[in-house]
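Residue-level structure breakdown
Each chain, letter by letter, is given below.
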Amino acid sequence: MRIVSLAPSATSILCAIGAKHSLVGVTKWCADVAPVGKLPKLGDCWHGDSVDEILRLKPTLVIGSVPYKQETVARLLEQPFPFLAMNPRTLADVETDIRLLGGIAQRAAPAEALVKKMRRAFAQIEIKTRRCKTRVRVYCEAWPNPRISSPPWVAELVNFCGGEMVVPAGEKTADEQVAAASPEVIVLAWAATGTKADPKQAYKVVAWKDVPAIRTRSVYVISDDLLNTPGPPLAEGARELWKVLRAHDRCEDEERRKR
């Protein structure tokens, strides 16, 4: 196999199941989530400026994932190599992708082991959550303009951590819709920004001035690599979400004691 991965999620999965040797090229974003070393760094499924570089690597398979740009995918489909398009929405979809890539790379057993490892990580957090009496109302954001809520798998992680996503996941939303949902915690994980999301922008939104998360200064940043990469990084993303929601609980307890 000679795989070019234009999806950090696919790269993280392949590396985690011991199939790094199959990779001959990766997207420039993959180094943030997987030990890709000196593999050639290419574009992604949004920027179509790497097709010639991909061809030079003579891949037997190219893997991409959302977000796609129609023109880029069209160019890839014109080429003499198979193109696998991944579009996970839920944690179940992520598990399906892990098993699919495990089969392609002839690493089915390690793929199944990875699925079980991630499930154990989520279950450990869920067990700790049972001690919490109430669920925290949470808004997770994947992009600020246009405003887009985090993907459905993030909503599942929030649930594991004792929270509840208060707007539909993975959809465009409006300032007023978020305000009406009254989140107690806002988590910013803006795509392709790492930890550079800016809480100051949230505090300046006029429509949010009475939102509980704004009044209590409960706007947090989690690296988008940990929440927006549908693969092994989600286990660490869940742990970071747990810390955020527990930090909020401690602040609430302190406020109650002051009263």
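No experiment lies behind these values; they were computed from the predicted model shown.

Observations regarding the sheet that holds strand S5 (residues 83–86)
With parallel pairing, five strands are arranged side by side in an open sheet as S3-S2-S1-S4-S5. Strands with a single pairing partner mark the edges of an open sheet, and in this sheet they are strand S3 (41–42) and S5. The sheet contact formed by strand S4 (residues 61–65) and S5 spans four bridges and is parallel. If you follow glycine 64 over to S5, its bridge partner there is alanine 85.

A few points about the state of the cysteines
If you walk through the whole model with that rule in mind, you get zero disulfides. A disulfide-free cysteine, cysteine 30 has its sulfur positioned 8.2 Å from the sulfur of cysteine 15, the nearest such atom. Cysteine 161 forms no disulfide, and the closest cysteine sulfur to it belongs to cysteine 140, at a distance of 9.3 Å.

A short note on the nonpolar core
The tendency in soluble globular proteins is for nonpolar side chains to be buried as a group. Counting residues in each nonpolar core, the largest one holds 54 residues, and the members touching the most others are Leu14, Ile63, Leu157, Val187 and Leu241. Examining the composition of this core, we find that seven residues originate from one element, helix H11 (residues 233–258), more than from any other. Leucine 241 has contacts with Cys140, Leu157, Val158, Cys161, Val187, Ile222 and Leu227, leaving out every residue within four places of it along the chain. Ranked by size, the runner-up nonpolar core spans 17 residues in total, among them Val167, Ala202, Ile214 and Val219.

Focus: the packing of helix H4 (residues 91–104) against helix H5 (residues 108–129)
Running from amino to carboxyl end, H4 crosses H5 at an angle of 155°, the nearest separation of the two axes being 7 Å. Between H4 and H5, the crossing angle belongs to the class labelled roughly antiparallel. Classified by chirality, the crossing of H5 by H4 is right-handed. Two secondary-structure elements touch here, H4 through Leu91, Val94, Glu95, Ile98, Arg99 and Gly102 and H5 through Ala108, Ala111, Glu112, Leu114, Val115, Met118, Arg119 and Phe122.

Focus: the pairing of strand S2 (residues 23–27)
In regular strands, side chains alternate between the two faces of the sheet. In terms of burial, S2 is largely enclosed, as five of its five residues are buried. Sheet analysis places strand S1 (residues 3–5) next to S2, joined by three bridges and oriented parallel. Bridge assignment links isoleucine 3 to a residue of S2, and that residue is leucine 23. Read from S1 through helix H1 (residues 8–16) to S2, the crossover connection turns out right-handed. Where S2 and S3 come together, two bridges link them in parallel fashion. Residue valine 26 lies in a different strand from S3, and its bridge partner there is lysine 41.

Description of the environment of valine 158
Relative to the assigned elements, valine 158 resides in helix H6 (residues 152–160). By relative accessible area, valine 158 is classed as buried at 1%. A sequence separation of 79 residues divides valine 158 from glycine 237, and the C-alpha atoms of the two residues are 9.9 Å apart. Every residue in contact with valine 158, bar those within four places of it in the chain, is listed here: Val138, Cys140, Gly163, Glu164, Met165, Leu241 and Leu245.

The rules we used
- Residues numbered from 1 in each chain as written.
- Predicted model: local features only at pLDDT ≥ 70, side-chain atom pairs only at ≥ 80, totals over all residues.
- Heavy atoms only, no water.
- Pairing = 2+ DSSP bridges.
- Helix = DSSP H or I, 4+ residues; strand = E, 2+ residues; numbered from the N terminus.
- Disulfide = S-S within 2.5 Å.
- Core = buried A, V, L, I, M, F, W, Y, C linked by side-chain atoms within 4.5 Å.
- Buried < 20%, exposed > 50% of the residue type's maximum accessible area, 1.4 Å probe, protein only.
- Contact = heavy atoms within 4.5 Å.
- Axes fitted to C-alpha atoms, helices over the stretch in contact; angles between N-to-C directions.
- Parallel < 35°, antiparallel > 145°, perpendicular 65-115°, else oblique.
- Left-handed = near helix turned anticlockwise from the far one by under 90°.
- Right-handed = clockwise from strand over helix to strand, strands pointing away.

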